[in-house]
Amino acid sequence: MGRKRPFLTDIKTIRARARKHIERGAITESYRADRATVVKLLNEALATEIVCVLRYRRHHFMAAGINADTVAAEFLTHANEEQQHADQIAARIVQLQGEPNFSPDGLTSRSHAEYVEGENLIDMIKEDLVAERIAIDSYREMIEYIGDKDTTTARMLEGILAMEEEHADDLVGMLEELDQ
Ligand SMILES: [Fe+2]
Ligand SMILES: [Fe+2]
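Quantities reported herein were computed from a predicted structural model and do not represent experimental measurements.

## Overview of the coordination of the iron ion (ligand 2)
- Those protein atoms acting as donors to the iron ion (ligand 2) are Glu82 (OE), Glu132 (OE), Glu132 (OE), Glu164 (OE) and His167 (ND1), and they sit at 2.0 to 2.2 Å.
- When the donors of the iron ion (ligand 2) are listed by position in the chain, the intervening gaps give E-x49-E-x31-E-x2-H.
- Taking relative accessible area as the criterion, Glu82 reaches 0% and is therefore assigned buried.

Below you can see the structure in the form of structure tokens.
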């Protein structure tokens, strides 16, 4: 039997490795994901979140204008939570030595979810539900792709995914209350 490979890298090697390419910050030699692809995926997620912020804000003000105060308040809560997701994603992109794309040019084509204004309250809720379901599917796919190659990004996306599931659940609840 040959010598078994040690489970953990020895301290000397870890210390030597850490000294190389210190300009890469959090990205060390053991980072196993394809960084460019992860940044690209995260920029698509960022665009999706921004589009969701804009759509929910529009819906918030439109619902407030037709005296649907409870729904309007819920739309605003969702808009603010989507903004937090966008911020988390942008910060992670920078940590991965990428650049967050906040450009309005091409925003809707980078986004997975759509910006639909909706004709009335029911329409708005349904469009938001569709967008959440799109976000749920694309986050799940990203998490599967990243797997255990970048656990920090995967964990962040899992947290966001759980919240999108709550959003979808809230919207279904609203439709039920409105007897739709
Ligand atoms: Fe979100
Ligand atoms: Fe959401």
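That covers the picture; the talk isn't over yet.
## Comments concerning the coordination of the iron ion (ligand 1)
- Around the iron ion (ligand 1), the protein supplies Glu49 (OE), Glu49 (OE), Glu82 (OE), His85 (ND1) and Glu164 (OE) as donor atoms, at distances of 1.9 to 2.4 Å.
- Each donor residue of the iron ion (ligand 1) lies on one chain, and together they are spaced E-x32-E-x2-H-x78-E.
- For the pair the iron ion (ligand 1) and the iron ion (ligand 2), the metal-to-metal distance amounts to 3.9 Å, and Glu82 bridges them. Taken together, the residues span about one helical turn, with Glu82 and His85 both in helix α3 (residues 69–95) at a distance of three residues.

## Some points on the environment of Ala131
- Here Ala131 lies in helix α5 (residues 121–146).
- Note: C-alpha distance between Ala131 and Leu41 (90 residues apart in sequence) is 17 Å.
- Residues contacting Ala131, with those up to four places away along its chain left out, are Arg55 and Ala113.

## Some thoughts on α5
- Here α5 is 26 residues long and its end C-alpha atoms lie 37 Å apart, about the 38 Å a rise of 1.5 Å per residue gives.
- The backbone nitrogen of Ile122 lies 3.2 Å from a side-chain oxygen of the residue at the head of α5, namely Asn120.
- Taken from the residues just after α5, Gly147 is the one with a positive phi, measuring 50°.

## Some points on the packing of aromatic side chains
- Taken as a whole, this structure holds one aromatic pair when the rule is applied.
- Between the aromatic rings of Tyr56 and Phe75, the centroid separation amounts to 6.1 Å while the plane-to-plane angle is 40°, which identifies the pairing as tilted. In this pair, Tyr56 sits in helix α2 (residues 35–65) while Phe75 sits in helix α3, placing the two residues 19 residues apart along the sequence.
- You can call Tyr56 buried: its relative accessible area is 0%.
- Its end group placed over the ring of Tyr56, Arg55 keeps NZ or CZ at 5.1 Å from the ring centre.
- Across the ring face of Tyr145, the terminal group of Lys149 is positioned such that the distance to the ring centre comes to 5.3 Å.

Parameters at a glance
- Residues numbered from 1 in each chain as written.
- Chains lettered and ligands numbered in written order.
- Predicted model: local features only at pLDDT ≥ 70, side-chain atom pairs only at ≥ 80, totals over all residues.
- Heavy atoms only, no water.
- Donors = N, O, S within 2.8 Å, 3.2 Å for Na, K, Ca; no water.
- Buried < 20%, exposed > 50% of the residue type's maximum accessible area, 1.4 Å probe, protein only.
- Helix = DSSP H or I, 4+ residues; strand = E, 2+ residues; numbered from the N terminus.
- Contact = heavy atoms within 4.5 Å.
- Expected span 1.5 Å × (residues − 1).
- Polar contact = N/O pair within 3.5 Å; in protein donor to acceptor, adjacent residues only side chain to side chain.
- Phe/Tyr/Trp six-rings, centres within 6.5 Å; stacked < 30°, edge-to-face > 60°.
- Lys NZ or Arg CZ within 6 Å of the ring centre and 35° of its normal.

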